[in-house]
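Chains, contacts and geometry: an overview
Here's the letter readout for the chains.
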Amino acid sequence: MDEKIIEELKNIVGEEDVSTDPLEIYVHSRDSAPFQGFADVIVRPESTEEVSQILKLANDYKIPVYPRGSGTSICGGPIPVLGGIVLAMYKMNRIIEFDRENLMVTVEPGVICDDLNEFLAPYGYFFPPDPGSSNAATIGGMVGHNAGGMLALKYGTTKDWIQWLEVVLPGGKVIRTGSNTLKSVSDYDLTKLFCASEGTLGVVTKIGMRVAPKPKYYRTVLFYFDDLRKAGNAIVNVRSSGVVPAALEIIDRISMKTAGEYTGMDLPEAEAMLIVQTDGLVEEQVQREIEICFEAAKKAEPIEWMMAETEEERNKAWAARKAAYPALVRTSPATTCMEDMSVPVPKIPDALVKLQKIPERVNNLVSIGIFGHAGDGNLHPTFQYDEREPEQREAFFKALDIMYREIALPMGGTVTGEHGIGLIRAKYLIDEYGAEVVELMKGIKKVFDPNNIMNPDKGKPWGVIEV
Ligand SMILES: Cc1cc2nc3c(=O)[nH]c(=O)nc-3n(C[C@H](O)[C@H](O)[C@H](O)COP(=O)(O)OP(=O)(O)OC[C@H]3O[C@@H](n4cnc5c(N)ncnc54)[C@H](O)[C@@H]3O)c2cc1C
């Protein structure tokens, strides 16, 4: 990159927030998908005004800009594949206002999800979207991917809580979408358009969102099954029981075994474990709801179950679920890639069984652990392999083709429930939506970003990147 541009960037944000240090460039070159791209410069703005000036400069010189929160993306979302500027948003991390009467909080995009909830807890409120990465994910990144998580079944995903956004468009113009009112139908719902836009339309610089009363009571029950299909049937039973649990998660045998070893927990030998949790403000209702879920799941013939009686027991159950991914990372030969297919809930039992057979179909050059938010149809089949070995890398991409083209899409599902298209799922976009819808998305992209500087060469909206 021209030294003149680096100097101009330093004039905007100050010398200390512009870095061309190779180590920093390296640190910002990846997420946990198996791709890499090197920026020319890392820039850390601290205000909307700075972001606006940076985007004006980038647009004038047609320099690619890659917004980045904490980089916990798993799809190649923030990777700077064409060089240019990584716009690291983590210094814009102020909680600006909590309006207790209107139950809304205004934050900058670099606020970490758990920090926001820590702030809200003493007031008796919380921001419900709860990704497994909540101790690192930024609210800006959660908007970028419309993050979901363990509580999406009852509480929805990030977009369901966002009321308005301040966004800097390429060229530097600052707009505000949405409103402070609970209801408004006066626009094309640009707020939701930016949710899951993966940094391809503009840079989010302020977020206004609703908060929910924090539940006072929880009931959690764990089920163990000797057969993966039976566990899938239990999920379908619970979902059609008339109760919407707060969480309904699955962990398969491999994930459970590695999580048990990783945490030192003594988990029973089983093909799958389910965690069902109800929550609310009225104890009797929370109790009644778990009883209904319990009876529904029991019809699928679990071999064992355990009602978490204390907060400690409940936390232990969640610790096992949350350890599934880091445990698989630890036991992987090198690469661990958490995938993200979603299917309609009645298809979950078939999907689970078919997913488990994928390694056989690629000569066992990859292995798979399955866990996820099965209650809303979202599974995270997690592949272990070594991306440095060409045969294994090829087998991994073949496994993805099988998973998305032969399992998720024919079942009426989607290639990504919450992690985004990024690089890894680019080639499935046309399979899922057809060329006409992808053309419409390209049109939207051109309206916002005619010079294609925002997170360019990513799957959304083009759907044509071969990786
Ligand atoms: C262990 C683990 C568990 C996870 N569990 C879940 C889960 O349960 N549910 C779930 O949904 N996801 C999950 N994720 C994925 C990931 O954590 C989420 O997508 C998260 O929201 C990303 O936040 P981030 O700050 O790391 O964003 P990044 O990874 O830095 O960026 C994500 C995307 O948003 C864009 N972006 C970032 N900031 C802005 C901004 N200010 N303006 C415009 N665009 C921006 C980026 O360009 C990129 O496309 C998990 C990841 C890990 C590693």
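Basis of the calculations
- The written sequence of each chain sets the order in which its residues are numbered from 1.
- In keeping with the model being predicted, local features are shown solely for residues with a pLDDT of at least 70 and side-chain atom pairs are shown and tallied solely at 80 or more, while totals for entire chains, interfaces and linings include all residues.
- Runs of E in the DSSP output that reach at least two residues are strands. Runs of H or I that reach at least four are helices, and both are numbered from the N terminus.
- Exposed residues have 12 or fewer other C-beta atoms within 10 Å of their own C-beta, buried residues have 20 or more, and residues in between are partly exposed; the C-beta atoms are placed from the backbone.
- Two residues qualify as a contact pair if the distance between their C-beta atoms, derived from the backbone, is within 7 Å.
- Each nonpolar core consists of buried Ala, Val, Leu, Ile, Met, Phe, Trp, Tyr and Cys residues. Their C-beta atoms, within 7 Å, join them into a set.
- Think of each axis as a best-fit line through the C-alpha atoms, taken over the contacting stretch in the case of a helix, with angles from 0 to 180 degrees between the N-to-C directions.
- Here roughly perpendicular refers to angles of 65 to 115 degrees, roughly parallel to angles under 35, roughly antiparallel to angles over 145, and oblique to all remaining angles.
- Under the scheme applied here, ten amino acids are nonpolar (Ala, Val, Leu, Ile, Met, Phe, Trp, Tyr, Cys and Pro), four are charged (Asp, Glu, Lys and Arg), and all others, including Gly, are polar.
- By definition, two strands form a pair when at least two bridges between them are found by DSSP.
- In this analysis a residue is considered near a molecule or strand if the C-beta atom, reconstructed from its backbone, is found within 6 Å of that molecule or strand.
- Throughout, the edges of the domains are those of an automatic or database domain assignment.

The next point concerns the overall build of the chain. Looking only at helices and strands, the chain has 17 helices and 18 strands in total. In terms of its C-alpha atoms, the chain occupies a principal-axis envelope of roughly 70 × 60 × 45 Å. Counting over 467 residues, the chain shows a buried share of 51%. Taking as baseline every contact in the chain between residues at least 6 positions apart, the subset at least 24 positions apart corresponds to 73%.

Now for the nonpolar core. Core analysis: the biggest nonpolar cluster contains 80 residues, and I235 and L274 have the highest contact counts within it. Formed by 48 residues, the second largest nonpolar core is a distinct cluster that contains F126, A147, W161 and I162.

Let us look at the packing of helix α9 (residues 253-263) against helix α11 (residues 311-331). Look at α9 against α11: their axes get within 7 Å of each other, and the N-to-C directions meet at 90°. Classified by the angle between their axes, α9 and α11 sit roughly perpendicular to one another. Contacts between α9 and α11 pair S255, T258, A259, E261, Y262 and T263 from the former with A319, A320, A323, A324, P326, A327, L328, R330 and T331 from the latter. Counted by class, the contact of α9 with α11 contains 9 nonpolar, 4 polar and 2 charged residues.

Turning to the pairing of strand β14 (residues 272-280), a few remarks are in order. Most of β14 sits inside the fold, with 8 of its 9 residues counted as buried. Bridge analysis of strand β12 (residues 217-225) against β14 gives 9 bridges, and the strand direction is antiparallel. Of the residues in β14, the one forming a bridge with Y217 is G280. Note that strand β13 (residues 247-252) and β14 share 6 bridges and pair antiparallel. Paired with D252 across the strands is A272, a residue of β14.

Around the ligand sit 36 residues, and of these G69, G140, G141, G144 and G199 come closest. Contributing elements (two or more residues each) for the shell around the ligand: β3 (65-68), α5 (139-145) and β10 (203-210). If one sorts the elements of the shell around the ligand by residue count, α5 sits on top with 5 residues. Each residue belonging to the shell around the ligand can be placed in one class, and the counts come to 13 nonpolar, 19 polar and 4 charged. Shared between two domains, the shell around the ligand takes at least three residues from each, and those domains are domain 1 (3-90) and domain 2 (92-213).

Summarising burial for strand β5 (residues 95-99): 0 of the 5 residues are buried, a small minority. Turn length for the β5-strand β6 (residues 104-107) hairpin, with the two strands adjacent in sequence and antiparallel, is 4 residues, and the turn residue L103 shows positive phi of about 55°.

Right, let's get into unusual backbone geometry. The phi torsion at D189 lies on the positive side, around 60°, for a residue other than glycine. Inspection of the secondary structure assignment puts D189 in the loop between β9 (174-178) and α7 (190-194). Its identity is not glycine, yet D457 carries a phi of approximately 65°, on the positive side. By the element assignment, D457 lies in the loop between α16 (435-448) and α17 (459-462).

Moving on, we get to the sheet that holds β3. Taking strand neighbours across the sheet as the criterion, the 4 strands line up as β1-β2-β4-β3 in an open arrangement whose pairing is mixed. Every other strand in the sheet has two partners, leaving β1 (18-19) and β3 as the edge strands with one partner each. Bridge count between β3 and strand β4 (residues 85-88): 4 bridges; the pairing is parallel. Across the sheet, the residue bridging to V65 is I85, located in β4.

Below, the discussion takes up the sheet that holds β12. Ordered by their spatial adjacency, 7 strands build an open sheet running β15-β12-β14-β13-β17-β18-β16, and the pairing between neighbours is antiparallel. Strands with a single pairing partner mark the edges of an open sheet, and in this sheet they are β15 (304-308) and β16 (335-338). On average, each strand axis in the sheet is tilted by 15° relative to the strand beside it, whichever way the strands run. Across 7 bridges, strand β17 (residues 367-373) lies against strand β18 (residues 378-385) in antiparallel orientation. Across the sheet, the residue bridging to I370 is P381, located in β18. Each of β17 and β18 touches helix α12 (residues 348-356); the most contacted strand, β17, lies at about 160° to it.

With that settled, consider the environment of P128. For P128, the location among the structural elements is in the loop between β7 (125-126) and α5. The class of P128 is buried, set by 23 C-beta atoms lying within 10 Å. For the pair P128 and S186, spaced 58 residues apart in sequence, the C-alpha to C-alpha distance is 26 Å. Setting aside residues no more than four positions away along its own chain, P128 makes contact with L151, Y155, W161 and A212.

Attention now goes to the domain arrangement of the chain. Taken domain by domain, the chain holds domain 1 (3-90), domain 2 (92-213), domain 3 (217-408) and domain 4 (426-462). In this structure, domain 3 and domain 4 have C-alpha centres spaced 32 Å apart.

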